[in-house]
Amino acid sequence: MLASTWGFLKRHKRKFIFAGAFVGGVYLLGKYAQKKIRDIQEREAAEYIAQARRQFHFESNQRTCNMTVLSMLPNLRDAIIQHLNSESLTALLKNKPPNKLEIWEDLKIISFTRSIVAVYSTCMLVVLLRVQLNIIGGYIYLDNSALSKNGMTPFAPPEVQQQYLSSIQHLFGDGLNELMTVVKQAVQKVLGGISLKQSISLLELEQHVNQIREQVEQRGRSGTAESNGNKSTLSSYMMPDEESTLSAQACGLTEKDVGTIKLLNETRDMLESPDFYIVLNTCLNRGFSRLFDNMAEFFRPTQQDPGQSITTDSLSNVSLPLAKVIPIVNGQINSICSDTPSQFVQDLLMIEQVKEFSANVYEAFSAPQQLQK
């Protein structure tokens, strides 16, 4: 029996060798496939965790943006009121001065100017902070990620962050002063010739404000009208000229200064992009729409039920003397730049284009490719 078995093995030796090699190859191939699958699964898990961490950081950054906007609005309101102080004119009118008409004319210009400036500057604050905090947020993510744990210099150390974010003071200082000057000139040109006794409807008021907007948004910092296509001339109110930012180079720059200038230049590129123009214009349209919604309650027909919706026809039929419209316009700054979250600011923060633009900025500056720059 052993002889027959041995003979069978010898006759089929090649088949057994081939079968053994085949089985061994299949086994090794299976092991290799298992290892590759495990590697792919581990890589996908790592990418998923990194993406989840990145998404969590982004959402946290957006909450910081919203809270920062709300915390800065009272300072913005105080800065506007300080330069456009209608309360002092109102106090003078209570004393029945001989130049009463002149004071009323000044009150008309200042009231419209400060409410329009409040809309512009609040919209600028919302979108500018979105850009700045998402650029910083992207770099902070890279600094904290495993990708940068190789001895590289941080992209945004705390001192650079502080210096960079302090640039927003331009909007509260020189930028705001220039904006108020331009808006006041436009208000004077559009409304200066309208009598205080002239009756005006809300629709007519909206038309006048749109004329003011056209003049403001077509002006450059030099004060002359110019056509810039999609480039927003309003960006100059949010950031100083590049030349003034870089003028300190003549005195020598520290490493912190170089990092700050890099961030400022990247921010300036964002502010001059077509996407930024679209987002800012969307915010302005929503902001002025909310402004007129707030004032619409004062133009409601007297016989209309307070719970009844206001129609376009009713708004065009109800007119008020301009002298009565002035106090309505004058008080709007308190709802625009409110200490507490208002519908005006909530509308701006919830605009879908603002959210998408913020995500795109964060995505661009938190991408691993930034490490190679």
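On a predicted model such as this, the values are computed, not experimentally measured, just so you know. (Residues numbered from 1 in each chain as written. Predicted model: local features only at pLDDT ≥ 70, side-chain atom pairs only at ≥ 80, totals over all residues. Heavy atoms only, no water.)

A.B. asks: Requested: an account of the overall build of the protein, with residues and values cited.
C.D. replies: Within the protein, the secondary structure is distributed over 16 helices and 2 strands. Evaluated residue by residue, the protein yields a buried proportion of 43% over its 373 residues. A fraction of 82% describes how many contacts in the protein between residues 6 or more apart in sequence connect residues 24 or more apart. (Helix = DSSP H or I, 4+ residues; strand = E, 2+ residues; numbered from the N terminus. Buried < 20%, exposed > 50% of the residue type's maximum accessible area, 1.4 Å probe, protein only. Contact = heavy atoms within 4.5 Å.)

A.B. asks: Before we move on, can you summarise the side chain of Ser235 with the specific residues and values?
C.D. replies: Turning to its location among the elements, Ser235 is positioned in the loop between α8 (202-217) and α9 (242-246). Ser235 sits in the buried class, given a relative accessible area of 10%. When neighbours within four sequence positions are excluded, Ser235 is seen to be in contact with Leu271 and Glu272.

A.B. asks: Tell me what's going on with the environment of Gln215, and back it up with residues and numbers.
C.D. replies: Residue placement: Gln215 occurs in helix α8. Residues Gln215 and Ala186, 29 residues apart in the sequence, show an inter-C-alpha distance of 6.2 Å. With near-sequence residues (within four places) excluded, Gln215 lies in contact with Ala186, Lys189 and Val190.

A.B. asks: I'd like a description of the pattern of salt bridges, backed by residues and values.
C.D. replies: Applying the stated criterion across every chain yields a total of 6 salt bridges. Lys108 is the partner of Glu105 in a salt bridge, and the nearest nitrogen-oxygen pair spans 2.9 Å. Taken as a pair, Glu105 and Lys108 lie in helix α4 (residues 100-144) at a separation of 3 residues, close to a single helical turn. Its relative accessible area of 0% is what places Lys108 among the buried residues. Across the pair Glu217 and Arg213 runs a salt bridge, and its minimum N-O distance is 2.9 Å. (Salt bridge = Lys/Arg side-chain N within 4 Å of Asp/Glu carboxyl O.)

A.B. asks: Help me get a handle on the nonpolar core, residues and values and all.
C.D. replies: Of all hydrophobic cores here, the largest spans 97 residues; its most connected members are Tyr120 and Leu125. For this core, the element with the most residues is α4, which contributes 24 residues. Each residue touching Leu125, except ones within four places of it in the same chain, is listed here: Val69, Met72, Leu73, Leu76, Ile168, Leu171 and Phe172. (Core = buried A, V, L, I, M, F, W, Y, C linked by side-chain atoms within 4.5 Å.)

A.B. asks: Run through helix α11 (residues 274-296), naming residues and quoting values.
C.D. replies: Its 23 residues place the ends of α11 33 Å apart at the C-alpha level, agreeing with the 33 Å of an ideal helix rising 1.5 Å per residue. The complete set of buried residues in α11 reads Phe276, Val279, Leu280, Thr282, Cys283, Leu284, Gly287, Phe288, Leu291, Phe292, Met295 and Ala296. (Expected span 1.5 Å × (residues − 1).)

A.B. asks: Let's hear about the confidence of the model for the protein: which residues, and what values?
C.D. replies: The predicted model of the protein has a mean per-residue pLDDT of 81, with 71% of residues at 70 or higher. Put simply, α9 is where the protein has its lowest mean pLDDT, 53, and helix α7 (residues 174-191) is where it has its highest, 96. (pLDDT = per-residue confidence, 0-100.)

A.B. asks: Tell me what's going on with unusual backbone geometry, and back it up with residues and numbers.
C.D. replies: Positive phi, close to 50°, is recorded for Lys96, a residue that is not glycine. Examined against the element boundaries, Lys96 turns out to sit in the loop between α3 (86-94) and α4. On the basis of relative accessibility, which here comes to 70%, the residue Lys96 falls in the exposed class.

A.B. asks: Please provide a residue-by-residue account of the environment of Thr260, values included.
C.D. replies: Following the sequence through the fold, Thr260 ends up in helix α10 (residues 255-271). The spatial distance from the C-alpha of Thr260 to the C-alpha of Tyr164 is 5.4 Å, given a sequence separation of 96 residues. Thr260 has contacts with Val160, Gln163 and Tyr164, leaving out every residue within four places of it along the chain. A distance of 2.5 Å separates a polar atom in the side chain of Thr260 from a polar atom in the side chain of Gln163. (Polar contact = N/O pair within 3.5 Å; in protein donor to acceptor, adjacent residues only side chain to side chain.)

A.B. asks: Run through the side chain of Thr122, naming residues and quoting values.
C.D. replies: For Thr122, the position within the fold is in helix α4. The buried category is assigned to Thr122, whose relative accessible area is 0%.

A.B. asks: Give me the packing of α4 against helix α16 (residues 352-366): which residues, what numbers.
C.D. replies: Packing of α4 against α16 brings their axes to within 8 Å, and their N-to-C directions diverge by 35°. Classified by chirality, the crossing of α16 by α4 is right-handed. Packed against α4, whose contacting residues are Arg130, Val131, Asn134, Ile135, Gly137, Gly138, Tyr139, Tyr141 and Leu142, the element α16 presents Val354, Phe357, Ser358, Val361, Tyr362, Phe365 and Ser366 at the interface. Residues of the contact of α4 with α16, tallied by class, amount to 10 nonpolar, 5 polar and 1 charged. (Axes fitted to C-alpha atoms, helices over the stretch in contact; angles between N-to-C directions. Left-handed = near helix turned anticlockwise from the far one by under 90°. Nonpolar A, V, L, I, M, F, W, Y, C, P; charged D, E, K, R; others polar.)

A.B. asks: Hey, could you go over the environment of Lys189 for me, with residue numbers and the actual values?
C.D. replies: Counting through the fold element by element, Lys189 comes out in helix α7. It is 9.5 Å that separates the C-alpha atoms of Lys189 and Gln215, two residues lying 26 residues apart in sequence.

A.B. asks: Let's hear about α3: which residues, and what values?
C.D. replies: Within the span of α3, buried status applies to Ser86, Leu89 and Leu93. The arc that holds every buried residue of α3, seen down its axis, measures 60°, which confines them to one face. Those residues of α3 that are buried are in contact with α4 and α13 (322-330). Sitting at the head of α3, Asn85 places a side-chain oxygen 3.1 Å from the backbone nitrogen of Glu87. Within two residues after α3, Lys96 carries a phi angle of roughly 50°, on the positive side. (Arc of directions from axis to C-beta.)

A.B. asks: Give me the packing of aromatic side chains: which residues, what numbers.
C.D. replies: Enumeration over the complete set of coordinates arrives at 3 aromatic pairs. Residues Tyr139 and Phe365 carry aromatic rings whose centres are separated by 5.6 Å and whose planes lie at 70° to one another, so their mutual orientation is edge-to-face. One end of the pair, Tyr139, is in helix α4; the other, Phe365, is in helix α16, with 226 residues separating them in the sequence. Phe365 gets classed as buried once you look at its relative accessible area, which sits at 6%. (Phe/Tyr/Trp six-rings, centres within 6.5 Å; stacked < 30°, edge-to-face > 60°.)

A.B. asks: Break down the state of the cysteines for me, with residues and values.
C.D. replies: For the structure shown, the criterion picks out 0 disulfides. Of all cysteine sulfurs, the one in Cys283 lies closest to Cys123, which takes part in no disulfide; the gap is 5.4 Å. Its relative accessible area of 0% is what places Cys123 among the buried residues. (Disulfide = S-S within 2.5 Å.)

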